[in-house]
Amino acid sequence: MQTQNLGFPRIGAHRELKRACENYWAGKITHDELMNAAQNLRHQHWKMQAKAQIDLIPSNDFSLYDQVLDATLTYGAIPKRYETLKGATPEEVTQLYFAMARGLQAGDVDVTAMEMTKWFDTNYHYIVPEFEPDQLFDPACNKPLEEFLEAKTLGIHTKPVLLGPLSYLLLGKAKKVNFDPLTLIDRLLPVFQNLVNQLTENDATWIQVDEPCLVYELSPEVTALYQRVYTHITQKCPGAKLLLTTYFDGINAPEVLNKLPVAGIHLDLVRAPEQLAAVAPHLSKFELISLGVLDGRNIWRNNYTDSLTLIDQATALFRHQQLVIAPSCSLLHVPYDQNLETNDSLPEAVRGWLAFAVQKLTELSELKSLALSANRASEPLLVANQAYVAQRSNSSLIENLAVQDRVQNLSATDLDRNQAFPVRKQLQQDNLQLPLLPTTTIGSFPQTKAIRQLRADYRHHRISQQEYQQQLENATLEAIRMQESIGLDVLVHGEFERNDMVEYFGQQLSGFAFTINGWVQSYGSRCVKPPIIYGDVSRPRPMTVGWSGFAQSLTNKPVKGMLTGPVTILQWSFVRDDQPRAATCQQLALAIRDEVLDLETANLQIIQVDEPALREGLPLKQTEWDSYLKWAVDAFRLATAGVSDATQIHTHMCYSEFNDIIEHIAALDADVITIECSRSQMELLDAFVEFKYPNDIGPGVYDIHAPRVPDEEEISMLLEKARKVIPVENLWVNPDCGLKTRGWAETKGALSHMVNAAKSKRKELEETIA
Ligand SMILES: CN1c2c(nc(N)[nH]c2=O)NC[C@@H]1CNc1ccc(C(=O)N[C@@H](CCC(=O)N[C@@H](CCC(=O)N[C@@H](CCC(=O)O)C(=O)O)C(=O)O)C(=O)O)cc1
Ligand SMILES: N[C@@H](CCS)C(=O)O
Ligand SMILES: [Zn+2]
C-alpha cells in the first residue's frame, strides 16, 4: 500500500510567490530572482513531502500563475495575438506567459489578457484556453520535464502531473467561430504523447493525468472519445504508467473504466464515497487504485474510522499493492500550515480540529500505517483520532439551541414578500422618487494601499480604535461627496472597513472562526482567507448598520445597505462537514435576515444582498441542480423577505452565465438585480430577455477589470443595446461589479461618463415620450 499527493499549495507559507510575482511585475526584482523564489518553493514542498514519507510526490503542480495556463504553454496553444511575444530565452517565455495571464502594455505591444473562469465548483480561477478551428499546438516550454529533472537533482523521484488532453480541450473555449474544441484532439495528441514519452525516457515511473471532466455527465460520444484517446496514448507511449485522476465528484459512467487502458485510477471518495461500490467491478485490472479519502477541499482533521472503512472495503476486493491512500484532490484549495495560526482568533478547541496541507501529509502516512496495522483498535493514533472525533461532535461550541429552534419554527411565509413586485415597485418609487434609468454602483470603492495600510495598522495595534474609526469615516465621507458630485442616484458607503466581502462577515458571526495566515490562492497572485464555519451560525450584534447608517446620515440621496448573501458566504468559507450544506446556509440566511431588518430600521430604504457565488455552487452533475437551487434560492428569500414592501431589495451577480438557471434567479424575487454584462457586450442579458425577466435589471455598462476608462459614447452604446431589449422602466445603469481593485482617478472618470451617458439617454427618452 502506498500514499500519494495530487498537488501542493504553491503560494508559499507566507505568500512568498505572491510577493515575488508582484515585485517582478513592478520591476522591483529580476527574472533570476523570480525564478529563484519559485525554485525555493518547489524545493521546500518536495522536501517536506519526502520527509512526510509520501510515496508518490507530485511535480509540475507548481505554477507561477495557473496550471491550466502552464498547460497552454506546454501544449503550445498560444493565441495568435501573442505571436510576436514568442521567444526562446527563459525571460521571453516568462514575458509571454504573464502577458497571456494579465495582458501587456509596453512599447508597441498592447495585448489583452486571456479570459479567466472558475475551476469547477471552487473559488480558484483558471485561465481559459482559446481555440481556433485551425489551431496548431506548438510547445513553448517543457515545464513538466524540467521540474521532474529538477526534483531528481534533490534525489526526489516525483510523479509529474499533466492536465489530460480531453479535460484541457473541454475546459477551453472556441474563439470566433462556433466549433467544438474536441475536434482538435488529433492535433493535440502527438504533442501530449511526445511529452509523456520524454518523461518516461527520463525515468518517470508514474505520470498523473488529471481528467476531472470525467465526473461530468458526458455524452456517449465524449465517453467513447475518452476510450479512443487513452487507447491511442497507451499504444503510442509504451512503458508509460498513466494514473488517471478524477476529482470533485464521482466518475459519471463507471463502465468507461473498462475501456480505459491506463495503469492507475484516482477516485474522490470524499465527495462520492458511494462510488467505490459502483466502480469496484471495473477496478481490478488497474495496477494502482488511488483512494481519495482525505478532504482536499476542506480543513477538518480526517475521521480515520470513516476513512479506514473505505480503505477496508477496498482491501477486501483488491491487493494491498494496488492501493494508494490520497487526498480527494490537489491540496491547492486548502491553506498551508495550521501551525502558523498563532493568534487567538481560533478558539483553542477548534484549532485542534484542523488539518491544513502540511497536516494532511501527516494524516496520509498515519492512515497508511493504521490500514496496515494488525492491531489497529489499540493503536494510539487511532485512539487519539477517535477522541478528536468524539470531542468535536460533542462540543458545546458547535451547538446553539436558539438557532436550531428558530430553524424548526420557520414557516413557508417567511420566504415571501407581502405583495408582488409591481405593487412593491410603486411603493418603493413613491418613497425613493428615482429618475428613469437610475444610476448606482455595486458597492466597493478603491481599496487603495492607504486603506489596506490603515487596516493593517489597526490590526497590529499601531493606531487606536478612535483613529481607525475617524480615518474610515473620512474615507466614507469623501466617497459620498464624490458620488454626489458625479450625480449618481443611489449611493453606497464604499466598503472601506472590509478586508473581504466574506471574511468581514465571518469575523462578526458566531459559529465562525478565522485565521491569520490561512491564505488560499484565488487567481494568480491574489489570495483569500476563507473563514471557517465550525458551529451553528448566529449574529450576536449588527454587522454593517453603523457604516451604512453613517453614510446615510451624510446625504439626502438614498444609500444602499450592502451585505453578502448566505449562499456566497457558504460557498467562500470552509464549511462544517457534520451537517448538510443546506442547513448551514439556512442559518446564515437567518443571520443575514436579522441584518437586513436592522438596516431597514436604521432607515436604509435600499438593501443589496450580493450573491456572486450562486451559480458557482451548482453541483457538477446536472441531476443534482434542482435540489441545490431550491435551498439556495430559499436561503436568499429567507434572508430578504422580512422587509416591508416599500424597502427595495437588490442583488448582484458577476462572472455568471444565467441561461440555464434564469428561472431560479427570477425566483429570488429581488426588486433589482445588477449583473456583469459589459465584457460579453450584453450577451449575458439574453437569458433575461428570453425569459421576460419581470423585475428591474442593471446590466453592467462598463468593465471594471481593467484600468481603462471607457468613454461616454462606448457606455451609451451598451446602454442603448440594453434599452432595446429591457423595458426602460425596469432598466438601471451601473458598472459590472465593485470597484475595489481600481484606482480613484479611473473610477471617477468612468463613473462620470456613465452618469452622463444615463442622463443623455434619459433626456432623449423623456423628449420622445413628451
Ligand atoms: C469577488 N471575488 C472574491 C472571491 N472570494 C472572496 N472571498 N472574496 C472576493 O472578493 N472570489 C471571486 C472573486 C475573486 N477576486 C479577488 C479579488 C481580489 C483579491 C485580493 O486582492 N486579495 C488580496 C487580499 C485581500 C485581503 O484580505 N486583504 C486584507 C489583508 C491584506 C494583507 O495581507 N495585507 C498585508 C499584511 C499587512 C499586515 O498585516 O501587516 C500583506 O499583504 O502582507 C486587507 O486588505 O485588510 C491579496 O492581496 O491577495 C482576492 C480575490
Ligand atoms: N459589493 C461587492 C460585490 C462584489 S461581487 C463589491 O462591490 O465589491
Ligand atoms: Zn461582483
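Residues numbered from 1 in each chain as written. Chains lettered and ligands numbered in written order. Predicted model: local features only at pLDDT ≥ 70, side-chain atom pairs only at ≥ 80, totals over all residues.

## A word on unusual backbone geometry
Thinking step 1. One non-glycine residue, Arg 15, lies in positive phi territory at about 55 degrees.
Thinking step 2. With respect to the helices, strands and loops of the structure, Arg 15 is situated in the loop between strand E1 (2-3) and helix H1 (16-25).
Thinking step 3. The backbone of Asn 603 shows a phi angle near 75 degrees, a positive value even though the residue is not glycine. (Helix = DSSP H or I, 4+ residues; strand = E, 2+ residues; numbered from the N terminus.)

## Digging into the site of ligand 1
Thinking step 1. Every one of the 18 residues lining ligand 1 counts as a neighbour, but Arg 455, Ala 456, Asn 499, Arg 526 and Val 528 are closest to it.
Thinking step 2. For the shell around ligand 1, the secondary structure elements donating two or more residues are helix H16 (449-459) and strand E17 (526-528).
Thinking step 3. When residues of the shell around ligand 1 are assigned to their parent elements, the largest contribution, 4 residues, is made by H16.
Thinking step 4. Per-class residue counts for the shell around ligand 1 are 7 nonpolar, 5 polar and 6 charged. (Near = placed C-beta within 6 Å. Nonpolar A, V, L, I, M, F, W, Y, C, P; charged D, E, K, R; others polar.)

## Structural notes on the site of ligand 2
Thinking step 1. By nearness alone, every residue bordering ligand 2 is listed as Ile 442, Gly 443, Ser 444, Met 501, Met 562, Asp 610, Pro 612, His 652, Cys 654, Cys 737, Gly 738 and Lys 740.
Thinking step 2. Taken together, the residues of the shell around ligand 2 break down into 6 nonpolar, 4 polar and 2 charged.

## Side note on the packing of helix H10 (residues 304-317) against helix H12 (residues 357-372)
Thinking step 1. Interhelical geometry of H10 versus H12 gives an angle of 60 degrees and a closest axis separation of 10 Å. By the criterion of interaxial angle, the relationship of H10 to H12 is oblique. Of the two elements, H10 crosses H12, and the hand of that crossing is right-handed. Within the contact between the two elements, H10 uses Tyr 304, Ser 307, Leu 308 and Ile 311 and H12 uses Leu 367, Leu 370 and Ala 371.
Thinking step 2. Grouping the constituent residues of the contact of H10 with H12 by class yields 6 nonpolar, 1 polar and no charged. (Axes fitted to C-alpha atoms, helices over the stretch in contact; angles between N-to-C directions. Parallel < 35°, antiparallel > 145°, perpendicular 65-115°, else oblique. Left-handed = near helix turned anticlockwise from the far one by under 90°. Contact = placed C-beta atoms within 7 Å.)

## Side note on the UniProt feature "binding site: L-homocysteine" (unreviewed entry) in the protein chain
Thinking step 1. As recorded in UniProt, the feature "binding site: L-homocysteine" (unreviewed entry) lies at Ile 442, Gly 443, Ser 444, Glu 495 and Asp 610. Maximum C-alpha separation among the annotated residues is 13.0 Å over a sequence range of 169 residues, consistent with a single clustered spot.
Thinking step 2. By the secondary structure assignment, Ser 444 is in the loop between helix H15 (421-432) and H16.
Thinking step 3. Not counting residues within four places of it along the chain, the set of residues in contact with Ser 444 comprises Gly 494, Glu 495, Gly 738, Leu 739 and Lys 740.
Thinking step 4. Assignment of secondary structure puts Asp 610 in strand E20 (residues 606-610).
Thinking step 5. Given 25 C-beta atoms within 10 Å, Asp 610 falls into the buried group. (UniProt positions renumbered as here; feature names shortened; annotations may be inferred. Buried ≥ 20, exposed ≤ 12 C-beta atoms within 10 Å, placed from the backbone.)

## As for the sheet that holds strand E12 (residues 264-268)
Thinking step 1. What the 8 strands build is an open sheet, ordered E1-E14-E13-E12-E11-E10-E8-E2; its pairing is parallel. Two strands bound the open sheet, and with one partner strand each, they are E1 and strand E2 (58-59).
Thinking step 2. For strand E10 (residues 206-210) and strand E11 (residues 241-245), the ladder comprises 5 bridges, and the chain directions are parallel. Counted as the bridge partner of Trp 206 is Lys 241 from E11. (Pairing = 2+ DSSP bridges.)

## Description of the pairing of strand E18 (residues 532-538)
Thinking step 1. A large share of E18 lies buried, amounting to 6 of its 7 residues.
Thinking step 2. Alignment of strand E15 (residues 510-513) against E18, held across 3 bridges, turns out to be antiparallel. When the bridges of E18 are listed, Ala 513 appears paired with Ile 532.

## Regarding the domain arrangement of the protein chain
Thinking step 1. Structurally, the protein chain comprises domain 1 (2-394) and domain 2 (432-503 + 543-769).
Thinking step 2. Relative to domain 2, the C-alpha centre of domain 1 lies at a distance of 35 Å.
Thinking step 3. In this complex, domain 1 contributes 14 residues to the contact, which on the side of domain 2 involves 11 residues.
Thinking step 4. Considered class by class, the residues forming the side of domain 1 that touches domain 2 number 6 nonpolar, 4 polar and 4 charged. (Domains from an automatic or database assignment.)

## Observations concerning the packing of helix H25 (residues 712-725) against helix H26 (residues 744-769)
Thinking step 1. For the pair H25 and H26, the least separation of the axes is 9 Å and the interaxial angle reads 50 degrees. By the angle class used here, H25 and H26 are oblique. Of the two elements, H25 crosses H26, and the hand of that crossing is right-handed. Here Glu 712, Ile 715, Ser 716, Leu 719 and Arg 723 of H25 lie close against H26, whose contacting residues are His 753, Met 754, Asn 756, Ala 757, Ala 758, Ser 760 and Lys 761.
Thinking step 2. Classifying every residue of the contact of H25 with H26 gives 5 nonpolar, 4 polar and 3 charged.

## A word on the nonpolar core
Thinking step 1. Ile 207, Leu 291, Ile 325, Leu 588, Ala 635 and Met 754 are the most contacted members of the largest nonpolar core, which has 207 residues in total.
Thinking step 2. With 8 residues, the single largest contributor to this core is helix H21 (residues 581-601). (Core = buried A, V, L, I, M, F, W, Y, C linked by C-beta atoms within 7 Å.)

## Considerations on the environment of Leu 332
Thinking step 1. The residue Leu 332 is located in the loop between strand E14 (323-327) and helix H11 (348-351) in this model.
Thinking step 2. Beyond its immediate sequence surroundings of up to four residues, Leu 332 is in contact with Gly 7, Pro 9, Tyr 124 and Gln 521.

## A closer look at the environment of Lys 360
Thinking step 1. Here Lys 360 is to be found in helix H12.
Thinking step 2. Given 22 C-beta atoms within 10 Å, Lys 360 falls into the buried group.
Thinking step 3. Along the primary structure Lys 360 and Asp 134 are separated by 226 residues, whereas in three dimensions their C-alpha atoms are 44 Å apart.
Thinking step 4. For Lys 360, the residues in contact, after removing those within four places along its chain, are Leu 294, Pro 327, Leu 331 and Ala 355.

## Brief notes about H12
Thinking step 1. For H12, spanning 16 residues, the distance from its first C-alpha to its last is 23 Å, which sits close to the expected 22 Å at 1.5 Å a residue.
Thinking step 2. Regarding H12, the residues found buried are Ala 357, Val 358, Lys 360, Leu 361, Glu 363, Leu 364, Leu 367, Lys 368, Leu 370 and Ala 371.
Thinking step 3. The secondary structure elements touched by the buried residues of H12 are E1, helix H2 (31-51), strand E13 (288-294), H10, E14 and helix H13 (380-394). (Expected span 1.5 Å × (residues − 1).)

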